[in-house]
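Given next are the chains, with one letter for each unit.
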Amino acid sequence: MTTSLLPDLAARARAAAHPHAEACACGTVVTLADRADATVVRHDGTVAKAHAPGTDPAALAARLTTAARIPGVLLAPLVPAPVALHGRPVTFWPYGSPVDPDDPDAAPWEAAATLLARLHRTPPPVPLPAMRGPVKAARAIAGLRATAQGSAARAVLRAWATLPAWARGESPLPDTGTLCHGDLHLGQLVRHPAPDGPWLLIDVDDLGTGPAAWDLARPAAWYACGLLPPDEWTRFLTTYQASGGPAVGPDADPWAALDVPARALTVQTAARMVTKAMEAQRPLDDVERSLVDACARMASVPAQLSRNLAK
């Protein structure tokens, strides 16, 4: 990140929030994220996001158009196309209230499932690239290889090697017609208008076409590893099925569709966690260890039994 990106992004957020005013009295700009892959700031009711270096502006513009054309599912951007800032595309969004991480009992699993089912049933309104889920998983593995050593890293890499090429981002996806979010987790939901409007999906960076099961894979992986309570997983899955989601039919074995994506998300999450632990020179915590243990079991666990990876 350039040293001037954050203040310049803050200035863009102020200008977008008050396009006809020279000054405002609504407070300072708040930094919501400042990572190598995204810098996000908020001023009043406007959020400005500088996307990762190397982001394809044309693909991002198509994703913005898609978000604008599916109201009630995806949060619509304030500006229809990205603008350039320090060589990075910047987008502008209305602020929405996020999921409260300190109140797990209020997690909107039903809302997430309903929105996913609606998204998956919607034909892409414009041509889109493939969703970027497997590419992000491969990036996590590359980071692990560059940073971490030892038995935990070896277990994750062995699990990665068991996945089919498409799940590793090495060959085309098996489905190119279904609209997918690409990186679904509870942090990708907000209430808009804030603070208590309807839930909407955010973050279009990985939006595209691909296998719908990938969008269910993170909660499936956490359930399979014993990190998501069975009742929460059941609420999510049954709501998705009842809402007509095409990834898993109402009478089908869900793991026939979810097994490979859930394994891929387990490996991706474990790779990131092991990398961070090694960088911080600390031992793995209980959650990190449970994911590594799941990876260690993957090579010997038959397909469609990944719900038992933690056992």
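Look up a bit, the structure's there.
Residues numbered from 1 in each chain as written. Predicted model: local features only at pLDDT ≥ 70, side-chain atom pairs only at ≥ 80, totals over all residues. Heavy atoms only, no water.

(A) Here's a closer look at the nonpolar core. Within the largest apolar cluster, 83 residues are counted, with the highest numbers of intra-cluster contacts made by V156, L189, L201 and L216. Among the elements that make up this core, the one with the highest residue count is helix α8 (residues 254–279) (11 residues). Apart from the residues lying within four places of it in its own chain, the contact partners of L216 are L116, H120, W233, F236, L237, Y240, A247, V248 and L258. Counting 11 residues, the second largest nonpolar core, distinct from the first, contains A13, V29, V41 and A48. (Core = buried A, V, L, I, M, F, W, Y, C linked by side-chain atoms within 4.5 Å. Buried < 20%, exposed > 50% of the residue type's maximum accessible area, 1.4 Å probe, protein only. Helix = DSSP H or I, 4+ residues; strand = E, 2+ residues; numbered from the N terminus. Contact = heavy atoms within 4.5 Å.)

(B) Region of interest: the pattern of salt bridges. Using the criterion set out here, one finds 12 salt bridges in the structure. Its salt-bridge partner being D203, residue K49 comes within 3.3 Å of it at the nearest N-O pair. On the criterion of sequence distance, the pair formed by K49 in strand β3 (residues 46–51) and D203 in the loop between β9 (199–201) and β10 (208–209) is long-range, its members being 154 residues apart. For K49, a relative accessible area of 13% corresponds to the buried category. R218 is the salt-bridge partner of D183, the closest N and O atoms lying 3.3 Å from each other. Taken together, the residues D183 in the loop between β7 (179–180) and β8 (189–191) and R218 in helix α6 (residues 217–224) connect sequence positions 35 residues apart. Its relative accessible area of 9% is what places D183 among the buried residues. (Salt bridge = Lys/Arg side-chain N within 4 Å of Asp/Glu carboxyl O.)

(C) How the structure looks around the packing of aromatic side chains. Counted by the stated rule, this structure contains 6 aromatic pairs. Judged by centre distance (6.2 Å) and plane angle (25°), the rings of Y223 and W255 are stacked. Remark: W255 occurs in helix α8 and Y223 occurs in helix α6; sequence separation between them is 32 residues. Residue class for Y223 comes out partly exposed when judged on its relative accessible area of 22%. (Phe/Tyr/Trp six-rings, centres within 6.5 Å; stacked < 30°, edge-to-face > 60°.)

(D) Structural context of a negative patch on the surface. A surface patch of like charges, here negative, comprises D100, D102, D103 and D105. On the secondary structure map, D100 appears in the loop between β6 (97–98) and α3 (109–121). (Patch = residues over 30% accessible without salt bridge, like charges linked within 9 Å, V, L, I, M, F, W, Y side chains within 5 Å. Areas by Shrake-Rupley, 256 points an atom, 1.4 Å probe, with all protein chains shown as cover. Lys, Arg positive; Asp, Glu negative; His and termini not counted. Charge placed at Lys NZ, Arg CZ, Asp CG, Glu CD.)

(E) Focus on the sheet that holds strand β2 (residues 38–43). Strand order across the open sheet formed by 5 strands is β1-β2-β3-β5-β4, with antiparallel pairing between neighbours. With one partner strand each, in any of the chains shown, β1 (30–34) and β4 (83–85) form the two edges of the open sheet. Each neighbouring strand pair of the sheet contributes to a mean axis angle of 25°, computed without reference to strand direction. As paired elements, β1 and β2 share 4 bridges and run antiparallel to each other. For A33, the partnering residue across the bridge sits in β2 and is V40. (Pairing = 2+ DSSP bridges. Axes fitted to C-alpha atoms, helices over the stretch in contact; angles between N-to-C directions.)

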